[in-house]
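Working through the structure, step by step
Here is what each chain is made of, one letter per residue.
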Amino acid sequence: MRVLHISAGNLYGGVETLLSTLARQRDLCPEMTPNFAVCFEGRLSSELRQAGVPVYSLGEVRVRWPWTVWRARRNLTELFNKHSCDVVVCHSVWSQAIFGGTARTAGLPSVCWLHAGPEGNHWLERWAKRTRPDGVVCNSRFTAGYLANLYPGVPATVIYCPVTMLARPGREDGCEQTPALSTPVEDSGRATQAAEPGLVDRRAIRAELKVPEEAAIIIQVSRIEPLKGHRLHLEALAKLLDLPGWECWFVGGAQRTPEQHYLKEIKRAALRLGIVERVRFLGQRSDVSRLMAAADIYCQPNTSPDSFGITYIEGLLAELPVVTTAMGGALEIVDSSCGVLVPPDDPAALAVCLRQLILDPSLRSRLGKAGPNRARRLCDPGQQMDTICEFFQRVARPVMAA
């Protein structure tokens with residue numbers, strides 16, 4: 001089954017991480033052959049091409065310039081004429097609004113993959129309503145709760161994003177590593193125990209960033225936008241100034257002008273709160289798995305609901321206790337076995353939670369050890385790829401038979 005995934009491609013976040021995973025993990029489901037079409041060249045298209053999958057450029061689209069929409073639709077129609085396709089998947093309402101009708105005109109089965117809960121009132125959502133897909137994938141139960149606002153009665157399913165198992169420290173192949181027994185090494189005529197690769201790599205990463213081995217590192221990996229809770233996080237950290245030996249890393253780069261303004265704002269907040277020496281803004285990074293391997297706590301205290309949260313899953317896979325606010329898709333990911341859910345908009349409660357984790361390495365270890373199993377139950381790539389394939393086949397069957 002040949003599947004064409006359509007996305008804008010101009011930004012990089014959870015949607016783009018999913019698409020990259022579908023490309024890199026395609027061998028887990030040979031029945032499904034992924035192809036990709038993007039409107040904007042950038043990090044996503046580069047990663048997809050590096051993964052060795054077909055990537056087609058539809059041309060940049062600016063809705064305020066209607067001719068760019070018509071051109072992209074014409075390019076998609078030409079693509080359908082040149083290459084066979086069994087299912088067209090529009091990721092998010094933007095792609096559905098622009099290209100859903102083109103897939104329908106071509107007589108192809110179409111799926112809208114929702115990555116956020118639609119309110120149904122935004123002009124883009126009203127536009128997307130004009131073309132009902134044959135099926136809908138919701139990235140969480142939280143998102144599915146909003147489905148009636150957009151596509152009531154359309155066959156739908158909830159599928160959590162497949163998330164690639166992070167390379168355990170000391171590995172570069174993306175596979176999980178079971179720690180091996182230490183190996184005797186000859187040193188000055190004496191047999192000594194070699195350090196485990198994970199420990200060596202953790203030390204190396206901290207050495208690169210000039211961080212003491214004994215420091216407790218809190219990390220947040222997210223888009224630079226207000227709902228991700230950076231300000232709340234900083235306010236909580238300011239209440240821990242009396243506590244020595246911790247540092248916080250914020251990972252993520254500003255991709256749009258509002259995000260650039262917001263980044264300046266939170267940097268000023270760190271200065272105003274007196275924690276600028278304890279906080280690092282590391283920007284956009286391609287080595288997130290290495291940074292997580294060197295961290296001790298994952299914290300992302302959203303101030304508005306996220307529909308899911310791939311970085312929560314990545315934190316669990318890295319054996320980090322995950323701390324977030326009790327709202328949105330996080331409620332489907334984090335439980336008391338692997339992390340802590342704190343009340344929304346409560347910096348004092350967040351500070352109490354972080355203080356406890358900083359001071360109690362055994363608690364961090366207990367919660368962290370439970371993380372990988374929790375993540376696999378929700379997002380194991382092989383399991384989720386099969387589920388995606390089964391739903392696409394179910395959607396395509398009646399359309400192709402008509």
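Our subject in this report is the structure included herewith. (Residues numbered from 1 in each chain as written. Predicted model: local features only at pLDDT ≥ 70, side-chain atom pairs only at ≥ 80, totals over all residues. Heavy atoms only, no water.)

Ordered by their spatial adjacency, six strands build an open sheet running β12-β11-β10-β13-β14-β15, and the pairing between neighbours is parallel. Edge positions in the open sheet fall to β12 (279–283) and β15 (339–342), since each of these has one partner strand only. Taking each pair of neighbouring strands and ignoring which way they run, the sheet shows an average axis angle of 20 degrees. Of the strand pairs in this sheet, strand β13 (residues 297–300) and strand β14 (residues 322–325) are connected by three bridges, and their pairing is parallel. Of the residues in β14, the one forming a bridge with Gln 300 is Thr 324. The sheet strands contacting helix α8 (residues 230–238) are β10 (216–221), β11 (246–251), β12, β13 and β14, and the helix crosses β11 at an angle near 170 degrees. (Pairing = 2+ DSSP bridges. Helix = DSSP H or I, 4+ residues; strand = E, 2+ residues; numbered from the N terminus. Axes fitted to C-alpha atoms, helices over the stretch in contact; angles between N-to-C directions. Contact = heavy atoms within 4.5 Å.)

Here we come to the pattern of salt bridges. This model, assessed by the stated rule, comprises 19 salt bridges. Linking Glu 41 and Arg 49 is a salt bridge whose minimum nitrogen-to-oxygen distance equals 2.7 Å. Judged by relative accessible area, which is 44%, Glu 41 ranks as partly exposed. One salt bridge connects Glu 259 with Arg 223, and the closest N-O pair in it is separated by 2.9 Å. Here the residue Glu 259 occupies a position in helix α9 (residues 257–272), and Arg 223 occupies one in the loop between β10 and α8, the gap between them amounting to 36 residues. A relative accessible area of 3% means that Glu 259 is categorised as buried. Among the charged side chains, a salt-bridge network with shared partners connects Arg 202, Arg 206, Glu 213 and Asp 296. (Salt bridge = Lys/Arg side-chain N within 4 Å of Asp/Glu carboxyl O. Buried < 20%, exposed > 50% of the residue type's maximum accessible area, 1.4 Å probe, protein only.)

Of all five residues that make up strand β5 (residues 110–114), five are buried, and the element is covered over most of its length. Along β5, one buried face is formed by Ser 110, Cys 112 and Leu 114 and the opposite face, lined by Val 111 and Trp 113, is buried too. Where strand β4 (residues 87–91) meets β5, four bridges bridge the pair, whose relative direction is parallel. Following the sheet pairing, Val 88 is matched in β5 by Ser 110. This β-α-β element, β4 to helix α4 (residues 92–105) to β5, shows right-handed connectivity. (Right-handed = clockwise from strand over helix to strand, strands pointing away.)

Across the interface, α8 lies against α9 with an axial gap of 10 Å and an inter-helix angle of 10 degrees. Put simply, α8 runs roughly parallel to α9. Contact residues: α8 offers His 230, Arg 231 and Leu 234, while α9 offers Tyr 262, Glu 265, Ile 266, Ala 269 and Ala 270. Residue composition of the contact of α8 with α9, by class: five nonpolar, one polar and two charged. (Parallel < 35°, antiparallel > 145°, perpendicular 65-115°, else oblique. Nonpolar A, V, L, I, M, F, W, Y, C, P; charged D, E, K, R; others polar.)

On to the environment of Glu 319, then. Its location among the elements puts Glu 319 in the loop between α11 (310–317) and β14. Along the backbone, Glu 319 and Tyr 298 are 21 residues apart, and their C-alpha atoms lie at a distance of 9.4 Å.

The subject of this paragraph is the nonpolar core. Counting residues in each nonpolar core, the largest one holds 65 residues, and the members touching the most others are Ile 219, Trp 249, Ile 313 and Phe 392. Top element by residues in this core is helix α14 (residues 381–401). It accounts for seven residues. With residues near it in sequence (within four places) discarded, Ile 219 still touches Trp 249, Val 251, Leu 291, Met 292, Ala 295, Ile 297, Tyr 298, Cys 299 and Leu 320. Formed by 34 residues, the second largest nonpolar core is a distinct cluster that contains Val 69, Val 88, Trp 94 and Leu 114. (Core = buried A, V, L, I, M, F, W, Y, C linked by side-chain atoms within 4.5 Å.)

In this section: the sheet that holds strand β7 (residues 156–158). As summarised here, the arrangement of the seven strands in space is β3-β2-β1-β4-β5-β6-β7, forming an open sheet in which the pairing is parallel. On the outer flanks of this sheet lie β3 (55–57) and β7, each paired with one strand and no other. Strand-to-strand twist of the sheet, defined as the mean angle between neighbouring strand axes without regard to direction, takes the value 20 degrees. Bridge analysis of β5 against strand β6 (residues 135–138) gives four bridges, and the strand direction is parallel. Looking at β6, one finds that Val 111 is bridged to Gly 135.

Residue class for Arg 223 comes out buried when judged on its relative accessible area of 17%. Among the polar contacts listed, one links the side chain of Arg 223 to the side chain of Glu 259, at a separation of 2.9 Å. Here Arg 223 is in contact with Leu 11, Tyr 12, Gly 13, Lys 228, His 230, Gln 255, Arg 256 and Glu 259, once residues within four sequence places are set aside. (Polar contact = N/O pair within 3.5 Å; in protein donor to acceptor, adjacent residues only side chain to side chain.)

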